[in-house]
Amino acid sequence: MAFRLELREKTPVWFNIVLPLSAVMATLLLCSGLVALAGANVFHAYSELFLSAVSSRFNLVETFVKATPLIFTGLAVAVAFRAKFWNIGAEGQLLAGAMAAAYIGGIESLPSFSLVPLMIIASALAGAGWAMLPAILRTRFKVDDVVTTLLLNFIMYYVMTALLDGPWKDPLSGYPDSPDIRMDAEFPILLHATRLHLGVLLSLLAAPMVWWFLRRTTLGFSISVVGENPSASAYAGIPITRILIYTALISGSLAGLAGAGEVGGLHFQVMSGISPGYGYTGIVIAMLARLNPIGVVPAALFFAVVVTGAESMSRATGVPVFLADVIQGTALVTMLIAQLFTTYRIRTLTTQG
Amino acid sequence: MEEIISQIFQVGFFTAIIRIATPFVFATIGELFAERSGVLNLGIEGIMMFGAMTGFSTAYFTSSLWLGILAAMLTGMLMAALMGFLTVSLGLSQHVSGIGITMLSTGFAFFFYRIIFGQPSTLPNIKAFTPVGIPVLKDIPWIGPVLFEQTTLTYLAFAVVPLAAFLLYKTPWGLNLRTVGENPHAADSAGVSVSAMRYQGLIISGALMGIAGAYLVMVQFNAFTFGVISGRGWICIALVVFGQWGPWKSAAGALLFAMIDALQLRLQASSIIDLPYQIFLMMPFVRAMMAVEMRAPAALLIPFRKEER
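Because the structure is predicted, anything quoted here is derived from the model rather than measured.

(A) Highlighting the overall build of chain B. Looking only at helices and strands, one finds 13 helices and two strands in chain B. For 309 residues, the compact-globule formula gives about 19 Å, and the C-alpha radius of gyration of chain B, at 20 Å, lands near that figure. Dimensions of chain B along its principal axes, counting C-alpha atoms only, are 65 × 45 × 40 Å. Classification of the 309 residues of chain B by burial places 56% in the buried group. Once local pairs closer than 6 in sequence are excluded, the contacts in chain B between residues at least 24 apart make up 78%. Carbon and sulfur atoms form 66% of the exposed surface of chain B, whose accessible area is close to 12400 Å². Counting 16 positive and 14 negative side-chain charges, chain B places the averaged centre of each group 6 Å from the other.

The following block contains the structure:
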């Protein structure tokens, strides 16, 4: 008996749910070997990993707070990848947004009511501007966008740490973190006695908005067309260069908003560890969501659970927190493999005797 | 100004360039093999990290640096083979697969380091490689101490460049590898197995990336830290572009980079120029961004399937 890959005409809709779920299942199964290797009971470790994040009202809210930057970066990557603009730079764009928000939020002369909206706008602009650069390099000079977006992450990180070590350094404590933003610049809290801030709501609203944009607007539709078939879209008169630039702007501004949420709603300042790789996790999230903006929300919540749960799992069972990183990598790989079933079906060929 | 110049251009400066360039040479030549076969190996950053970790652990427990190098090579080959499974056998997106391999390898490196060493209060370290002077040659003024009083790994890096050039351009195997990267269908018609060549290119790349990672912990730092690679792998991707997919030019690019790096270390230390040190750390990345001219192998990034033409 032999197997053959055959092109599939159409992808069934239920694949959108079944594929990510099977990828996650396979990931957990594969990673259970590592848990056992670390000398822990797999069920105990996994229940710590997943249940602590939803065990109380407080923890549940915290999971949503943690998911917020991930929803934004997930959306940023999803939009970019739809156009096959390989934006690996959500990390740097997030940092740009965070710095812009911290800068605006600290200006004394601005009227109070304008602070929050201005911070949001500034962070989106900063992220978009930082994403523009690789888009221009790609469309003008044909430079691979993966490499440039990756390198720009490092450059932005050093820009940030230079600011934190220099002009933004706390003159009293000497800590490398930016001055706190003004009290009026802090995002409103939506649920009393929790950290559920405006950014959480914005991220949850952003997902359906991006979905609507991709489905119902000409520009959104062109983004997918350019990604799927550049030669046909050129033939149809779609200005590919312009679409790619727009894609970068939208993607970058979404990533920038992730930074605004972290500064305005959570930390009220910028410090060097403000993003523990949210931009990179966004790639895994977007892939798990099959680049569907609505799917980004559950995928981001899943990783928020994993990232927060990993700490309590580590405390309770001694399994290193880095299991969360392995889960991310494994999920990306298994999801990639699962994607094969959308384009191909496996046919068994019985050899004739 | 004269003071700056005299402080910088000493023998030690040039020795440092060669020392810093060594891991870049290994990893860049590695990446070159993969890309010439038609696969962009973005797993490089993670493979270097994982190689650094396994190399360090092996050297730590066996007290043999060479066993550590071997372990790092094998680790790199294993992860590169996984990259091959995803991109060659399954024909998946090279970009996303590469990022996946980097995430996975980095996760493995950190996870296993914690399992093996826990969270020690002092960083476990090893006895690093020491420079081995080559008799006679090392006594040549200037050139001697710069080129011939290095570690054995650096001599190996010197050897890897001509060897790569020879393999790629002077052997039938190299011709096949390059053809597979340029025109896989022609290679296939001529009876060359595209997937076998791509796997070979990748596995060689993994071995060299593993060595590069191990070099960093065994020569430069003598301990494993989570920031040991910190973007060096990505720089190598840019170096291959800069070197226009040729071994000599890529190695020259690595040397140029190392020079900028050595310069920034000295400028930072001399405090003659009062700039934030991050400007210097940024320089290699900015320079890498400027490697704009693209003359990539024609079939790079394109999965090969026999039945689709």
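(B) Here's a closer look at the overall build of chain A. From N to C terminus, chain A includes 13 helices and two strands. Relative to a compact globule of 353 residues, whose C-alpha radius of gyration would be 20 Å, chain A shows 22 Å and is just as compact. Along the three orthogonal principal directions, the C-alpha set of chain A runs to about 85 × 60 × 35 Å. Burial analysis of chain A (353 residues in total) assigns 56% to the buried set. Carbon and sulfur atoms form 66% of the exposed surface of chain A, whose accessible area is close to 15500 Å². For chain A, the centre of its 20 positive side-chain charges and the centre of its 18 negative side-chain charges are spaced 16 Å apart.

(C) Spotlight on the interface of chain A and chain B. Counting from both sides, the interface comprises 45 residues of chain A and, opposite them, 40 residues of chain B. Between chain A and chain B, the buried area comes to about 3700 Å², and carbon and sulfur atoms account for 84% of it. The three residues of chain A that bury the most area against chain B are Leu151(A), Tyr158(A) and Phe322(A), which together make up 17% of that side's buried surface. Our count for the chain A to chain B interface comes out at zero salt bridges. Our enumeration of links across chain A and chain B arrives at one residue pair in polar contact (both at pLDDT 80 or more). Tallying contributions element by element places helix α6 (residues 145-165) of chain A first for the side of chain A that touches chain B, with 13 residues.

(D) Summary view of the pattern of salt bridges. By the definition in use, this model includes four salt bridges over all chains. Of the charged contacts, one joins Asp145(A) and Arg138(A) as a salt bridge, the two residues approaching to 2.5 Å between their closest N and O atoms. Judged by relative accessible area, Asp145(A) falls into the buried class, the value being 2%. Salt-bridge contacts for Lys138(B) lead to Asp139(B); the nearest nitrogen and oxygen are separated by 3.7 Å. According to the relative accessible area criterion, Lys138(B) is partly exposed, its value standing at 30%.

(E) Broad picture of the nonpolar core. Formed by 212 residues in total, the largest nonpolar core has its most connected members in Phe81(A), Leu323(A) and Phe224(B). With near-sequence residues (within four places) excluded, Phe224(B) lies in contact with Met49(B), Ala52(B), Met53(B), Phe56(B), Ala109(B), Phe110(B), Tyr113(B), Leu123(B) and Val217(B). Core analysis: the next-biggest nonpolar cluster, separate from the first, contains five residues, Val65(A), Leu196(A), Val200(A) and Leu266(A) among them.

(F) Structural detail: unusual backbone geometry. Residue and element names in this part refer to chain B. If you check the backbone angles, Ser-63 has positive phi at about 55 degrees while not being a glycine. Within the secondary structure layout, Ser-63 lies in the loop between α3 (44-62) and α4 (65-89). With relative accessibility at 67%, the residue Ser-63 sits in the exposed group. We note that Ser-230 has phi near 35 degrees; this positive angle belongs to a residue other than glycine. Within the fold, Ser-230 resides in the loop between α10 (194-220) and α11 (232-242). By relative accessible area, which is 34% here, Ser-230 ends up partly exposed.

(G) Inspection of the environment of Ile285(A) at higher detail. Residue and element names in this part refer to chain A. Topologically, Ile-285 is positioned in helix α11 (residues 278-288). Classification of Ile-285 as buried rests on a relative accessible area of 0%. Between the C-alpha atoms of Ile-285 and Phe-302, which are 17 residues apart in sequence, the distance is 8.9 Å. When sequence neighbours within four positions are dropped, the list of residues in contact with Ile-285 reads Leu-70, Gly-74, Val-296, Ala-299, Ala-300 and Phe-303.

(H) Up close: the side chain of Thr151(B). All names here are of chain B. Along the polypeptide, Thr-151 turns up in the loop between β2 (149-150) and α7 (152-170). Taking relative accessible area as the criterion, Thr-151 reaches 4% and is therefore assigned buried. Residues within four places of Thr-151 in sequence aside, it is in contact with Phe-129, Thr-130, Pro-131, Val-132, Tyr-215 and Val-219.

(I) Representation of helix α7 (residues 198-216) of chain A in the model. Residues and elements named next belong to chain A. Between its terminal C-alpha atoms α7 stretches 26 Å, which fits the 27 Å expected from 19 residues at 1.5 Å a residue. Every buried residue belonging to α7 is among Leu-198, Gly-199, Val-200, Ser-203, Ala-206, Ala-207, Val-210, Phe-213 and Leu-214, and all of these are buried. Check the buried side of α7 and you find it contacts α3 (57-82), α5 (112-141), α8 (218-228), α10 (240-267) and α12 (293-317).

(J) Quick look at the packing of helix α2 (residues 11-36) of chain B against α11(B). Residues and elements named next belong to chain B. Viewed as axis vectors pointing N to C, α2 and α11 meet at an angle of 60 degrees, and their least axial separation amounts to 9 Å. Taken together, the axis directions place α2 and α11 in an arrangement best described as oblique. Along this stretch, α2 crosses α11, giving a crossing that reads as right-handed. Residues Phe-24, Ala-27, Thr-28, Glu-31, Leu-32 and Glu-35 of α2 form the contact with α11, whose own contacting residues are Arg-232, Ile-235, Cys-236, Ile-237, Leu-239 and Val-240.

(K) Local environment of the packing of α7(A) against α8(A). Residue and element names in this part refer to chain A. Look at α7 against α8: their axes get within 5 Å of each other, and the N-to-C directions meet at 80 degrees. The orientation of α7 relative to α8 falls into the category roughly perpendicular. Between α7, through Phe-213, Leu-214 and Arg-216, and α8, the contact on the second element is made entirely by Thr-218, Leu-219, Gly-220, Phe-221 and Ile-223. Its residues assigned to classes, the contact of α7 with α8 shows five nonpolar, two polar and one charged.

(L) Examining helix α1 (residues 15-37) of chain A more closely. A rise of 1.5 Å per residue sets the reference length of α1(A), with its 23 residues, at 33 Å; its end C-alpha atoms lie 33 Å apart and thus fit the reference within 8%. Largest kink in α1(A): about 25 degrees, centred on Cys31(A). When we look at burial in α1(A), the residues that qualify are Phe15(A), Leu19(A), Pro20(A), Ala23(A), Val24(A), Thr27(A), Leu28(A), Cys31(A), Ser32(A), Leu34(A) and Val35(A). Among the structural elements, α2 (42-51), α11, α12 and α13 (323-343) of chain A together with α5 (94-117) of chain B are those in contact with the buried residues of α1(A). Of the residues flanking the end of α1(A), it is Gly39(A), one or two places downstream, whose phi is positive at about 85 degrees.

(M) Representation of a nonpolar patch on the surface. Together, Leu37(A), Tyr60(B), Phe61(B), Ile115(B) and Ile116(B) line one region of the surface with nonpolar side chains, adding up to about 460 Å² of accessible area. Broken down by secondary-structure element, the contributors of at least two residues to the nonpolar patch are α3 and α5 of chain B.

What counts and what doesn't
- Residues numbered from 1 in each chain as written.
- Chains lettered and ligands numbered in written order.
- Predicted model: local features only at pLDDT ≥ 70, side-chain atom pairs only at ≥ 80, totals over all residues.
- Heavy atoms only, no water.
- Helix = DSSP H or I, 4+ residues; strand = E, 2+ residues; numbered from the N terminus.
- Rg over C-alpha atoms; globule rule 2.2 N^0.38 Å.
- Buried < 20%, exposed > 50% of the residue type's maximum accessible area, 1.4 Å probe, protein only.
- Contact = heavy atoms within 4.5 Å.
- Areas by Shrake-Rupley, 256 points an atom, 1.4 Å probe, with all protein chains shown as cover.
- Lys, Arg positive; Asp, Glu negative; His and termini not counted.
- Charge placed at Lys NZ, Arg CZ, Asp CG, Glu CD.
- Buried area = accessible area lost by both parts, 1.4 Å probe.
- Salt bridge = Lys/Arg side-chain N within 4 Å of Asp/Glu carboxyl O.
- Polar contact = N/O pair within 3.5 Å; in protein donor to acceptor, adjacent residues only side chain to side chain.
- Core = buried A, V, L, I, M, F, W, Y, C linked by side-chain atoms within 4.5 Å.
- Expected span 1.5 Å × (residues − 1).
- Axes fitted to C-alpha atoms, helices over the stretch in contact; angles between N-to-C directions.
- Parallel < 35°, antiparallel > 145°, perpendicular 65-115°, else oblique.
- Left-handed = near helix turned anticlockwise from the far one by under 90°.
- Nonpolar A, V, L, I, M, F, W, Y, C, P; charged D, E, K, R; others polar.
- Bend = angle between axes of the 7 residues up to and from the residue.
- Patch = residues over 30% accessible without salt bridge, like charges linked within 9 Å, V, L, I, M, F, W, Y side chains within 5 Å.

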